[in-house]
Amino acid sequence: MSGRLRVGVVGLGIGFQHLSAFRKLPELYELAAVCDPIEAKRDLAVGLLGVERGFESFDEMLASGGLDVVDVCTPPDLHRPMVTRALESGCHVISEKPLSGSLADVDAIADCERKSERRLMPIFQYRFGRGIERLRRLLEAGVAGTPYVASVETFWRRGADYYAAEWRGRYATELGGICISHAIHSHDLLQSLLGPVERVFAHVDTRVNPIETEDCAVATLRFRSGALATLTATLGSARESSRLRLSCEHLSAESSTRPYQPGSEPWTFEAMTPKDEAAIDAALRDFEPGPELYEGQFSALHRALERGEDPPVTVADARASIELVTAIYHSSRTGEPVDLPLGAEHPLYEGWVPDASDDT
Ligand SMILES: NC(=O)c1ccc[n+]([C@@H]2O[C@H](COP(=O)([O-])OP(=O)(O)OC[C@H]3O[C@@H](n4cnc5c(N)ncnc54)[C@H](O)[C@@H]3O)[C@@H](O)[C@H]2O)c1
């Protein structure tokens, strides 16, 4: 595989931001198609952004052929069916988060990807930020030393206007609340830095909006490495912020508090000793910042496909994030800690939608 990839974007909400990112990478991607039932959105994409064709239905877009990549940006309940159909039709696939609403669905999607011999890349665009990339380098080079503890805060604000969209706030369509939809980004950042989670204890509740799904959550985690972490998330914060803090053997790392760019600069790294400081400087001296956010993730995907490598974010990464959500919900409902990994024997493996007859 080489050259420009012809991409079709389905779902034109956040899909417009995807289109803007692809447009910044004209040597890598051609804007071949968009699909959305809303004509005005298709017209905007074709007329203003120069997309070749607009389609009202997903079937029509797939049947038209000539796409290398299908980029799924529809509401969450449509991700699994659209992702699997696109893989089966012979396209590589990008999927917005959350990839699906259960471990069973993720495992079925992984199976479909394997059989298709195409690649699927779930979106976690905050991983592509210069701050988080520098910290990853310090951890991988051993300069940070052993991670001791971390805390992650997702203090966002969502109200009636946001929940006016029919699909939001409902298990059937959004698949869950703040854990699967909003805090999933910063929690993924932490998991991408610290590796597999071993034990979770959590509380979730709906305290801000009159919705079915949770909008506040707290959790404590123990990672397999021994590192400990706390997660705090709300959709009822007057001031919006996201923040990650890590305390390691040789340094403390802290993100900015910009709510929608937790991986980007400015991050601060404070060394324990002057020797540690020199090691940090040496490790970061030749760090070359690449494009960030969606642009960064899409350019890394193109490179990976060209080289026949794994996508920069894999189905296994999405599985880890959904496994954490499963554990958080189960712990909150049972009042017990949950030990990971979770397989087909787990009571919430098939999904976490509460049973109407069960008030736990
Ligand atoms: N990564 C991020 O930072 C980020 C940010 C926002 C949203 N998202 C995710 O993106 C997805 C979409 O969210 P949104 O905020 O853009 O929603 P939205 O409601 O603003 O837009 C969804 C679009 O999908 C279209 N659509 C619905 N059914 C369709 C179908 N069958 N075929 C084609 N198009 C269809 C709708 O007409 C609408 O234009 C969700 O999974 C959400 O979690 C991710």
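Residue indices follow the written sequence of each chain, beginning from 1 at its first position. Reporting of local features is limited, given that this is a predicted model, to residues whose pLDDT is at least 70; pairs of side-chain atoms are given and counted only at 80 or more, and all residues count toward the totals for whole chains, interfaces and linings. Side-chain descriptors were evaluated using all non-hydrogen atoms of the structure, hydrogens and water having been removed beforehand.

With respect to spatial proximity, 25 residues lie near the ligand, and among them I14, D36, K41, K97 and W167 are the closest. A distance of 3.2 Å is found between an oxygen atom of the ligand and a side-chain nitrogen or oxygen belonging to H79. The term polar contact refers here to a pair of N or O atoms within 3.5 Å; inside protein, the definition further demands a hydrogen-donor-capable atom paired with an acceptor-capable atom, and it admits residues adjacent in sequence only when both atoms are side-chain atoms. Between an oxygen atom of the ligand and a side-chain N or O atom of W167, the distance comes to 2.9 Å. Each accessible area is a Shrake-Rupley estimate made with a 1.4 Å probe; only the visible protein chains count as cover when residues are assessed. Here the ligand, which alone exposes 850 Å², has 79% of that area covered by the protein. Think of it as three bins: nonpolar holds Ala, Val, Leu, Ile, Met, Phe, Trp, Tyr, Cys and Pro, charged holds Asp, Glu, Lys and Arg, and polar takes everything else, Gly as well. Its residues assigned to classes, the shell around the ligand comprises 14 nonpolar, six polar and five charged. What marks off one domain from the next here is an automatic or database domain assignment. Structurally, the shell around the ligand is a two-domain feature, drawing no fewer than three residues from each of domain 1 (5-125 + 295-310) and domain 2 (126-290). Only a single heavy atom is needed: when it lies within 4 Å of a molecule or strand, its residue is near that molecule or strand.

Mapping D188 onto the fold places it in helix α10 (residues 184-194). Put simply, D188 and R127 are 61 residues apart on the chain and 8.3 Å apart in space, counted from C-alpha to C-alpha. When residues no more than four places from it in sequence are discounted, the contact partners of D188 are F124 and R127. Labels follow the DSSP assignment, with helices taken as runs of H or I lasting at least four residues and strands as runs of E lasting at least two, numbered in each case from the N terminus. Contacts were defined at the residue level, with two residues in contact if any of their heavy atoms lie within 4.5 Å.

Below, the discussion takes up the domain arrangement of the chain. The domains assigned to the chain are domain 1 (5-125 + 295-310) and domain 2 (126-290). For domain 1 versus domain 2, the distance between C-alpha centres works out to 26 Å. Facing the twelve residues of domain 1 at the interface are 13 residues of domain 2. Note on definitions: buried area is the accessible-area loss of two parts on being combined, 1.4 Å probe, summed for both. Across the domain 1/domain 2 interface, buried area totals approximately 1,200 Å², and carbon plus sulfur atoms make up 69% of it. Of all residues in domain 1, K97, F124 and Q125 give up the largest surface area on contact with domain 2, accounting jointly for 48% of the area buried on that side. For this analysis, a salt bridge means a side-chain nitrogen from Lys or Arg found within 4 Å of a carboxyl oxygen belonging to Asp or Glu. In this structure, the connection of domain 1 to domain 2 is made through zero salt bridges. Linking domain 1 to domain 2 there are six residue pairs in polar contact (both at pLDDT 80 or more). Classifying every residue of the side of domain 1 that touches domain 2 by side-chain character gives five nonpolar, five polar and two charged.

It is worth spelling out the packing of helix α4 (residues 79-88) against helix α5 (residues 103-116) at this point. Two numbers describe how α4 lies on α5: the axes approach to 9 Å, and their chain directions differ by 10°. Between α4 and α5, the angle falls in the class roughly parallel. In this structure, α4 contributes R80, V83, T84, L87 and E88 to the contact, and α5 contributes D105, A108, I109, C112, E113 and S116. Across the contact of α4 with α5, the residue classes break down as five nonpolar, two polar and four charged. Here an angle of 0 to 180 degrees is reported between the N-to-C directions of two axes, which are lines fitted to C-alpha atoms, with helices fitted over the stretch in contact. Comment on the angle field: the value is read as roughly parallel under 35 degrees, roughly antiparallel over 145, roughly perpendicular from 65 to 115, and oblique elsewhere.

Buried residues dominate α10, accounting for ten of its eleven residues. Burial classes: relative accessible area under 20% of the type maximum marks a residue as buried, over 50% as exposed, and values in between as partly exposed (1.4 Å probe, protein chains only). Listed as buried for α10 are I184, H185, S186, H187, D188, L189, L190, Q191, L193 and L194. Positive backbone phi, approximately 85°, marks G195, located one or two places after α10.

Strand pairs in the sheet, formed through backbone hydrogen bonds, run parallel or antiparallel to each other. Pairing between two strands is assigned when DSSP locates at least 2 bridges connecting them. The eight strands lie next to each other as β13-β12-β11-β7-β10-β9-β8-β14, forming an open sheet whose pairing is mixed. Whereas interior strands pair on both sides, the edge strands pair on one side only; in this sheet they are β13 (268-271) and β14 (338-339). Contacts between helix α6 (residues 130-140) and the sheet are confined to β7 (147-157), β11 (236-248), β12 (251-254) and β13, with β13 contributing the most and set at about 30° to the helix.

The next subject is the environment of T268. Tracing the backbone through its elements, the reader meets T268 in strand β13. Each C-alpha atom, one on T268 and one on A253, is 5.7 Å from the other, the two residues being 15 residues apart in sequence.

This part is about helix α1 (residues 15-23). Along α1, the residues classified as buried are G15, F16, H18, L19, A21 and F22. Those residues of α1 that are buried are in contact with β1 (5-10), β2 (29-35), α2 (39-49), β4 (69-72), β5 (92-95) and α12 (293-307).

Attention now goes to the side chain of N209. Locating N209 in the fold gives a position in the loop between β8 (197-205) and β9 (216-223). A distance of 2.8 Å separates a polar atom in the side chain of N209 from the backbone oxygen of R158. Once you skip the residues sitting within four places of it in the chain, N209 turns out to touch R158, G159, A160, Y163 and D215.

Take a negative patch on the surface next. Here, patches come from residues exposed beyond 30% relative accessible area and free of salt bridges, joined within 9 Å for like charges and within 5 Å for nonpolar side chains (Val, Leu, Ile, Met, Phe, Trp, Tyr). His residues and chain termini do not enter the charge count, which takes Lys and Arg as positive and Asp and Glu as negative. For this purpose, a charge sits on NZ of Lys, CZ of Arg, CG of Asp or CD of Glu. The grouping of E39, D43, E56 and E60 at the surface amounts to a negative patch. Mapped onto the elements of the fold, D43 is located in helix α2.

As a further point, take the nonpolar core. Each nonpolar core is a collection of buried residues, namely Ala, Val, Leu, Ile, Met, Phe, Trp, Tyr and Cys, held together in the definition by side-chain atoms within 4.5 Å. Counting residues in hydrophobic clusters, the biggest one holds 113 residues, and the most contacted among them are L19, V70, L221 and F298. A total of eight residues in this core trace back to one element, the largest contributor, which is helix α13 (residues 315-334). V70 has contacts with G8, V10, F58, M61, L62, A86, C91, H92, V93 and I94, leaving out every residue within four places of it along the chain.

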